[in-house]
Amino acid sequence: MAGTAETASISLSDIRTDHHGFTLLTLLSEKLVAATAAVEMDMSQLNWIDGNMCAPLGVVLAQGTRRMRICNTTGEGVGIMKRNGFLQPSGYRKQVDLRGTTIAYTHFKDIGIGSSEFRDYVSDHFRQEEKGLPTMTPALLKRFREALFEIFENALEHSYTERGVFACGQYYPTKQRLDFSIADAGIGFARNIERNKELTMADNAAIRWALSGNTCRRGGRPGGLGLKLIQEFIRLNKGRLVVVSDTAYYEWSPVGVKELSLPRRFPGSVMTIEINTADKQSYCLSSEISAQDIF
Amino acid sequence: MSEQITIGIVNIVGDGICVSSDDGEKVYETVLSILKLGNGVLISFAGVEDLTTVFLNAAIGQLYGQFSEEEIRARLSVIDASSQDLETLKHCIDRAKEYFKDADRFVSSANKVLGVDDDNNS
C-alpha cells in the first residue's frame, strides 16, 4: 500500500460479478482490515463496476472504523456509483439516472426494521410501470420479487450480521438482463451451519448444503426451501446465480456450475441473481395443483 | 358443533406482500386459536401479491408440529390462491410433513442413545 504515514492508499480496479471481481473484493477487505491509519480510496483505475457489486463492496467498506477518503472520481465506474447512490454517504451528490437502469444502493442498517424497509424498497423499485425497468411478464416479476424477499429474509434470520444488509441492482437493456445483489456482513454459511446444526463442513460444501434444501432452523418451524426454489427459478429462467460466502464462490448458469475458492475470506455472504427479463414462461407446473388436495 | 371460519391472509398481514416470518407468525396464531377451539379454517389467499416460503413456513408449516396430517387435512382448506401460490404452498406443506417426521425420528434416535423408552416417553 502506498500513501503517507498517516494514510494508506488503496486503488480500486474494475469489478464484475464473477470470480475475479469477488477475488478483488476479498483482497481489498484484507487490506482495509490491515490498515492502521486513515485510508484513501483511489478510483482512477476503476473504469467499470457492475452496479449490483456495490452491495458486496458496501460490506467490505463497512469493516472497521478508520477514516476513509475517496479520490480521483472521474471514471465511468465512479459514474455508476454516483447514479446508484453508493457514493452519497461519502458526500457525493446522487446523479440523475437518465436511463433509469440503476436500482438504488441501499444499506439496511437496522435489522429490526429491515423487513419493512426492504418491502418498501422492492415495492418502489420493482413495479410493473417503473421507468427504465424492462417490461417483464407478471409471472416473472412476481417470481423475481419473491426471490429477493426470500434472500433478504434469509439474511436477516441466518446471517447474524451486526452491520446490516446491503442491496443494489442494475438493469442491462441491451442484454435484457437484470442483476441484483444482496450482501450481509454476517458469519457466513459454514459458521451458521456449525452453530445451529453442529456440522462442520468446508465453505463450498456449506453453500451446496444450503442450496440443496437443508435448513439451519431448529424448533417448531420448518425451513430450507427458499434457496432451493430460487435456484430452480433461475434454472427455468436461464438466468445466473452467484453465491459467495467465506472463501467459497458458487455460480450456476445454463453453461454449468462453477465452484471456486477465493484467496481470502469475504466478510459475510452475498447472493446475486441475474434474470433474463425477456422470459415469457408462466412459471406454473404443467400439471396444476388442486387446492382441494393441497394438505 | 364445529364450524368453518374463513380468514383472509391479507387482512391479517395488512397488505398483499406476505413475505416475512413475523407476518407468517400472525397468521399462524390466528389459525391455531381457531383450530384449538375445534373449528375448521378456510384460508383465503385473495389479494396476495408476493408470497415466500419464509412466510408460509411460519403461517402454515408450523401447524404440522401441533396437529397430525389427518387433522389438518380434515379441518384446513384454502381458497383464492393463484397457481403460482398453490405451487409454493405445496412445496412448504410437503417440506413441513418431512420436517416433523424427521423431528420424530431425531427424538426417537436421541432417546435410544440416552436409554429412554419411547413408549413411556419419559
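Residues numbered from 1 in each chain as written. Chains lettered and ligands numbered in written order. Predicted model: local features only at pLDDT ≥ 70, side-chain atom pairs only at ≥ 80, totals over all residues. Heavy atoms only, no water.

*Asks:* Please provide a residue-by-residue account of the pattern of salt bridges, values included.
*Replies:* In this structure the tally under the stated criterion is 23 salt bridges over all chains. For B:Asp94, the salt bridge identified is with B:Lys90, shortest N-O distance 3.1 Å. Of this pair, B:Asp94 and B:Lys90 both sit in helix 5 (residues 83-114), four residues apart, roughly one helical turn. Given the relative accessible area of 30%, B:Asp94 is considered partly exposed. Through salt bridges that share partners, A:Lys142, A:Arg143, A:Glu146, B:Asp85 and B:Glu87 make up one connected network. (Salt bridge = Lys/Arg side-chain N within 4 Å of Asp/Glu carboxyl O. Helix = DSSP H or I, 4+ residues; strand = E, 2+ residues; numbered from the N terminus. Buried < 20%, exposed > 50% of the residue type's maximum accessible area, 1.4 Å probe, protein only.)

*Asks:* Tell me about the environment of A:Val244, residues and numbers included.
*Replies:* Residues and elements named next belong to chain A. Summarising the element assignment, Val244 is placed in strand 7 (residues 240-253). Spatially, the C-alpha atom of Val244 lies 8.3 Å from that of Gly268, the residues being 24 residues apart in sequence. In this structure Val244 touches Phe22, Ile207, Tyr249, Leu262, Phe266, Gly268, Ser269 and Val270, once residues within four positions along its chain are discounted. (Contact = heavy atoms within 4.5 Å.)

*Asks:* Account for the pairing of strand 4 (residues 102-108) of chain A, naming residues and giving values.
*Replies:* Residues and elements named next belong to chain A. Of all seven residues that make up strand 4, five are buried, and the element is covered over most of its length. In this structure, strand 4 lies alongside strand 5 (residues 165-172), joined through five bridges in antiparallel fashion. Note on strand 5: the bridge partner recorded for His107 is Phe166. (Pairing = 2+ DSSP bridges.)

*Asks:* Tell me what's going on with the packing of aromatic side chains, and back it up with residues and numbers.
*Replies:* All names here are of chain A. As enumerated under the stated definition, the model contains 14 aromatic pairs over all chains in all. Summarising the aromatic geometry, the rings of Phe86 and Tyr105 are spaced 4.7 Å apart at their centres and angled 70° between planes, so their arrangement reads as edge-to-face. Note that Phe86 is positioned in the loop between helix 3 (76-83) and strand 4 and Tyr105 in strand 4, a separation of 19 residues in sequence. Judged by centre distance (6.5 Å) and plane angle (35°), the ring pair of Tyr105 and Phe166 falls under tilted. Pair noted here: Tyr105 is in strand 4 and Phe166 is in strand 5, with a separation of 61 residues, a long-range link. Take Tyr105: its relative accessible area is 14%, and that puts it in the buried class. The exposure class assigned to Phe166 is buried, which follows from its relative accessible area of 1%. Site record: aromatic cluster; members linked through ring pairs are Phe108, Phe118, Tyr121, Phe126, Phe144, Phe149, Phe152 and Phe180. Above the ring of Tyr172, the side-chain terminus of Lys175 is found at 4.7 Å from the ring centroid. In this structure, Arg195 packs its charged tip against the face of Tyr160, placed 4.4 Å from the ring centre. (Phe/Tyr/Trp six-rings, centres within 6.5 Å; stacked < 30°, edge-to-face > 60°. Lys NZ or Arg CZ within 6 Å of the ring centre and 35° of its normal.)

*Asks:* I'd like a rundown of the sheet that holds strand 8 (residues 256-276) of chain A, residues and numbers included.
*Replies:* Residue and element names in this part refer to chain A. Across the sheet, which stays open at both edges, the five strands sit in the order 4-5-6-8-7 with antiparallel pairing between neighbours. Taken across any chain shown, the strands that pair with only one partner, and hence form the sheet edges, are strand 4 and strand 7. Going from strand to strand, the sheet's axes swing by 15° on average, the running direction of each strand aside. Relative to the sheet, helix 1 (residues 19-34) contacts strand 7 and strand 8, its axis offset from that of strand 8 by approximately 145°. (Axes fitted to C-alpha atoms, helices over the stretch in contact; angles between N-to-C directions.)

*Asks:* Report on unusual backbone geometry, specifying residues and quantitative values.
*Replies:* Residues and elements named next belong to chain A. Of note, the phi angle at Glu198 is positive, near 55°, even though the residue is not glycine. For Glu198, the location among the structural elements is in the loop between helix 6 (188-197) and helix 7 (203-211). Looking at Glu198, the relative accessible area reads 63%, which means it is exposed. Unusually for a residue other than glycine, Lys238 sits at a positive phi of about 60°. Following the sequence through the fold, Lys238 ends up in the loop between helix 8 (226-237) and strand 7. Overall, Lys238 belongs to the exposed group, its relative accessible area being 54%.

*Asks:* Describe helix 7 of chain A, with residues and values.
*Replies:* Residue and element names in this part refer to chain A. Turning to helix 7, its buried residues are Asn204, Ala206, Ile207, Trp209, Ala210 and Leu211. Check the buried side of helix 7 and you find it contacts helix 6, helix 8, strand 7 and strand 8. Just past helix 7, the residue Gly213 takes up positive phi, approximately 100°.

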